[in-house]
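Structural features, examined
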Number of protein chains: 2
Amino acid sequence: MRISELSARSGVPLATIKYYLREGLLMPGASVSATRAEYGEEHLRRLALVRALTEVVGLSVQKAREVVALLDAPADGLFEILGRAIGALPPEIPPALRDAEDYPRARAAIERLGQLYDRRFTAVAQLERALAAAEDAGLPLDDARLDAYGEHLGAIAEFDLSRIPSDAEGAVAYAVLGTAVYEPVILALRRLAHQDRAARMLGERAE
Amino acid sequence: MRISELSARSGVPLATIKYYLREGLLMPGASVSATRAEYGEEHLRRLALVRALTEVVGLSVQKAREVVALLDAPADGLFEILGRAIGALPPEIPPALRDAEDYPRARAAIERLGQLYDRRFTAVAQLERALAAAEDAGLPLDDARLDAYGEHLGAIAEFDLSRIPSDAEGAVAYAVLGTAVYEPVILALRRLAHQDRAARMLGERAE
């Protein structure tokens, strides 16, 4: 299809498509003449991904480019690509914490759960910071809570992974978007479960 | 104790304590003379709570005051107080969404889980927004995912509630701080569980 049809079918304005092409977020079409390029379904899929990353997840164009660059030049195995793609998501880790030699709280927690510890993965620094904040608030995560959280979040993660598409581009899109868009769902559902269980426990009625 | 000792024991600077007294975040001490007031353990506990709400959770002084005002004038039952205290936490819900008559996506999800639906609770609007974003990203929450998430987050909520202190001030502090500080822990643990399960599934090794 021509770029005008790509714009019409994707709902992305022509000027935005040209901007994405210049910035490397969208791969070039196939040149069919000096003034015309041909676009296909892969361009439609990519535009949907870029739009979701920037408008729904709220990534900057720079961060969205980091994610799609992993798709365009897959130097590593899928596991490595997924880790780097998810590393582009918030929360931003301060450089001092990101480059730490060790994450003692996170390491102890991950080892207790019998999971792989790889300090290069950004969620390790993220967990370290979260555990330190819990301590600062006077609510350190004890073993019983870690075991309960670990068991149930492990089950959720297994469900998430059971749905991962088998192609690399689909897998990266699902991993990044699914991590980002289901996190607010999970937090809201936990708060609602608190409300539900507390109402039953405290014997009060909702409207 | 005198205010100087309150400052020394709490680690909160004298000027900050005086600011909290003026702003109503800390209740006045008992006057023992025209120039001296006496403070007790309840002031130390309150300072720890205010510090955790502002510095660890990141609430504004205004939002922290909303939370402690619920403790100082408990007009309602504990269930109502807990709901209002947690409503002071981020994410901020846009007024148009907060005042909606109905939250169709959230209501359907909550009813499917067999939980109480009360649209006044801010997490309902939060869930509605999260479910709409998941749709926008092309990853709507289907029933199988909702059931899996609901089951395991319900179990986590039951663990959380099993630890709630029996006194009202302790319960509110635990509910607000526990909701806030364990949310980042939960998100980091989910990402790490993804990494762990993906590594096993994809047959790759960590360092």
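The structure we're discussing is the one just above.
The text that follows walks through the structure, step by step, so that each part is easy to find. These figures come from a predicted structure and were not determined experimentally.

**Points about the overall build of chain A**
A tally of regular secondary structure across chain A gives 10 helices and 2 strands. In chain A, the succession of α and β elements from N to C terminus is α-α-β-β-α-α-α-α-α-α-α-α. The C-alpha radius of gyration computed for chain A amounts to 21 Å, which surpasses the reference 17 Å derived for 207 residues by more than 25%, pointing to a less compact arrangement than a globule. For the C-alpha atoms alone, the extent of chain A along its principal axes is close to 70 × 50 × 30 Å. Here chain A holds 207 residues, and the buried ones make up 49% of them. When contacts within chain A are restricted to residue pairs at least 6 apart in sequence, long-range pairs at least 24 apart make up 54% of them. Accessible surface, chain A: about 9500 Å² in total, of which carbon and sulfur atoms supply 52%.

**Observations regarding the pairing of strand β1 (residues 30-33) of chain A**
Taken together, the 3 bridges between β1 of chain A and strand β2 (residues 36-38) of chain A define a ladder with antiparallel strand orientation. For alanine 30 of chain A, the partnering residue across the bridge sits in β2 of chain A and is glutamate 38 of chain A.

**Brief notes about the relation of the copies chain A and chain B**
Here chain A sits on chain B after a turn of 180° about the axis and a move of 0.0 Å along it, with an RMSD of 0.1 Å. Here the copies are linked by what is in effect a two-fold axis. Residues of chain A ranked by C-alpha distance from the rotation axis are headed by histidine 152 of chain A, positioned 2.6 Å from it. Of all interface residues in chain A, 100% are interface residues in chain B too; the two copies therefore contact each other through one and the same surface.

**Regarding the interface of chain A and chain B**
Contact with chain A, which involves 80 residues of that partner, is made by 80 residues of chain B. Summing the contributions of chain A and of chain B, the shared interface buries around 8200 Å²; its carbon and sulfur component is 68%. Three residues, Phe79, Arg190 and Arg191 of chain A, lead the burial of chain A against chain B; their summed loss comes to 10% of the area buried on that side. One can count 10 salt bridges joining chain A with chain B. A salt bridge links arginine 190 of chain A to aspartate 160 of chain B; the shortest N-O distance between them is 3.0 Å. For the interface between chain A and chain B, the tally reads 35 residue pairs in polar contact (both at pLDDT 80 or more). When residues of the side of chain A that touches chain B are assigned to their parent elements, the largest contribution, 26 residues, is made by helix α10 (residues 168-202) of chain A. Taken together, the residues of the side of chain A that touches chain B break down into 52 nonpolar, 10 polar and 18 charged.

Reading the values: rules and limits
Residues numbered from 1 in each chain as written. Chains lettered and ligands numbered in written order. Predicted model: local features only at pLDDT ≥ 70, side-chain atom pairs only at ≥ 80, totals over all residues. Heavy atoms only, no water. Helix = DSSP H or I, 4+ residues; strand = E, 2+ residues; numbered from the N terminus. Rg over C-alpha atoms; globule rule 2.2 N^0.38 Å. Buried < 20%, exposed > 50% of the residue type's maximum accessible area, 1.4 Å probe, protein only. Contact = heavy atoms within 4.5 Å. Areas by Shrake-Rupley, 256 points an atom, 1.4 Å probe, with all protein chains shown as cover. Pairing = 2+ DSSP bridges. Least-squares fit on C-alpha atoms with pLDDT ≥ 70 in both. Buried area = accessible area lost by both parts, 1.4 Å probe. Salt bridge = Lys/Arg side-chain N within 4 Å of Asp/Glu carboxyl O. Polar contact = N/O pair within 3.5 Å; in protein donor to acceptor, adjacent residues only side chain to side chain. Nonpolar A, V, L, I, M, F, W, Y, C, P; charged D, E, K, R; others polar.

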